[in-house]
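Chain residues, written in single-letter form:
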Amino acid sequence: LVGPPSEDIEIWLNFASLARKNNKLERSYKILTTLLNNDKPDPEILLSNIVKGLQNNTASNVHPKVVFAVLQHTWATGNKTEAIKYLGRFVKLVGTTEYAAKYYLRLGEWKKSLISGFEKQSQTTINDILSNFRIATEIGNNWYKSWHAWAMMNYEVISSLEQKYNLKFKSAFLTGEQVPADLQD
């Protein structure tokens, strides 16, 4: 940590992550402001700069990992819906870059953490979360974390439906049996 942040972003981001995980949010904030050349780490401003860079076909001067770290900091400070909103916009901007699988995985995890049981959720909400995990598996198709999250989400949804309707959805799903029409969405 002797050199300037611009020379080794990875080390500084790891330091910010350690500070955030140890609930030293002020330290994390200071590190992020240093990485942003003392600009306030506001997700709205960061994303608008990235959008401008994409529209002008110029690279944004903010590294995607720094943007993601700001969003993680936003989540850690309790602004969870704001963090989800901006991460949802951010993943669309980064496309299928090398980091996108991690970003989609985190978006799915964050959305999932805000719901309180699948049986009370709309099919749209469940599909949205599953979609984030599925995209993470498509982009990072050799990454076990994305496959594990996608599989666990599917298992949890099927288990909750099984409990809700007291049916053998697992066996029907695995054997290809027809689910009664009155129970289908």
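Residues numbered from 1 in each chain as written. Predicted model: local features only at pLDDT ≥ 70, side-chain atom pairs only at ≥ 80, totals over all residues. Heavy atoms only, no water.

1. Some words on the overall build of the chain
Then step 1. Within the chain one finds 9 helices and 0 strands.
Then step 2. Each helix and strand of the chain, ordered N terminal to C terminal, gives the series α-α-α-α-α-α-α-α-α.
Then step 3. In the chain, buried positions account for 36% of the 185 residues.
Then step 4. Taking as baseline every contact in the chain between residues at least 6 positions apart, the subset at least 24 positions apart corresponds to 52%. (Helix = DSSP H or I, 4+ residues; strand = E, 2+ residues; numbered from the N terminus. Buried < 20%, exposed > 50% of the residue type's maximum accessible area, 1.4 Å probe, protein only. Contact = heavy atoms within 4.5 Å.)

2. Topic: the side chain of His73
Then step 1. Its place among the elements puts His73 in helix 4 (residues 64-76).
Then step 2. Once residues lying within four places of it in the same chain are set aside, the contact partners of His73 are Arg20, Leu25, Ser28, Tyr29 and Leu32.

3. Quick look at the packing of helix 4 against helix 5 (residues 80-94)
Relative orientation and spacing of two packed helices are given, respectively, by the angle between their axes and the distance between those axes.
Then step 1. At their nearest, the axes of helix 4 and helix 5 sit 8 Å apart, and the two run at 160° to each other. With respect to each other, helix 4 and helix 5 are oriented roughly antiparallel. As for how helix 4 packs across helix 5, the hand of that crossing is left-handed. Residue-level contacts link Pro64, Val67, Phe68, Leu71, Thr74 and Trp75 of helix 4 to Lys80, Glu82, Ala83, Ile84, Tyr86, Leu87 and Phe90 of helix 5.
Then step 2. By residue class, the composition of the contact of helix 4 with helix 5 is 10 nonpolar, 1 polar and 2 charged. (Axes fitted to C-alpha atoms, helices over the stretch in contact; angles between N-to-C directions. Parallel < 35°, antiparallel > 145°, perpendicular 65-115°, else oblique. Left-handed = near helix turned anticlockwise from the far one by under 90°. Nonpolar A, V, L, I, M, F, W, Y, C, P; charged D, E, K, R; others polar.)

4. Overview of the packing of helix 5 against helix 6 (residues 100-113)
Then step 1. Contact pair helix 5 / helix 6: the axes reach a minimum separation of 10 Å and the direction vectors enclose 155°. Relative to helix 6, helix 5 is oriented roughly antiparallel. Here the hand of the crossing between helix 5 and helix 6 comes out left-handed. Listed contacts from helix 6 to Ala83, Ile84, Leu87, Gly88, Phe90, Val91, Lys92 and Val94 of helix 5 are Ala100, Tyr103, Tyr104, Arg106, Leu107, Trp110 and Lys111.

5. Some remarks on the packing of aromatic side chains
Then step 1. According to the stated counting rule, one finds 6 aromatic pairs in the structure shown.
Then step 2. A centroid spacing of 6.4 Å and a plane angle of 70° characterise the contact between Trp12 and Phe15, whose relative ring orientation is edge-to-face. Of the two residues, Trp12 and Phe15 are both situated in helix 1 (residues 9-21); the distance of 3 residues between them amounts to about one turn of the helix.
Then step 3. Owing to a relative accessible area of 14%, Trp12 belongs among the buried residues under this scheme. (Phe/Tyr/Trp six-rings, centres within 6.5 Å; stacked < 30°, edge-to-face > 60°.)

6. Quick look at the nonpolar core
Then step 1. Counting 38 residues, the largest nonpolar core has Leu87, Phe90 and Met153 as its most contacted members.
Then step 2. Of all the secondary structure elements, the ones that give two or more residues to this core are helix 1, helix 2 (25-35), helix 4, helix 5, helix 6, helix 7 (123-139) and helix 8 (144-165).
Then step 3. When neighbours within four sequence positions are excluded, Met153 is seen to be in contact with Lys112, Phe118, Ile126, Ile129, Leu130 and Phe133. (Core = buried A, V, L, I, M, F, W, Y, C linked by side-chain atoms within 4.5 Å.)

7. Observations regarding helix 2
The periodicity of an α-helix, 3.6 residues per turn, causes residues three or four positions apart to be oriented the same way.
Then step 1. Listing the buried residues of helix 2 in full gives Ser28, Ile31, Leu32, Thr33 and Leu35.
Then step 2. On its buried face, helix 2 is in contact with helix 1 and helix 4.
Then step 3. Asn37 lies just past helix 2 and shows a positive phi near 60°.

8. Topic: the pattern of salt bridges
Any two side chains of opposite charge can pair, on the condition that their charged atoms come close.
Then step 1. A complete count under the given rule lists 5 salt bridges for this structure.
Then step 2. Linking Lys112 and Glu156 is a salt bridge whose minimum nitrogen-to-oxygen distance equals 2.8 Å. Of this pair, Lys112 sits in helix 6 while Glu156 sits in helix 8, placing them 44 residues apart in sequence.
Then step 3. With relative accessibility at 23%, the residue Lys112 sits in the partly exposed group.
Then step 4. Taking relative accessible area as the criterion, Glu156 reaches 25% and is therefore assigned partly exposed. (Salt bridge = Lys/Arg side-chain N within 4 Å of Asp/Glu carboxyl O.)

Interpretation note: all reported values are geometric properties and have no functional meaning in isolation.
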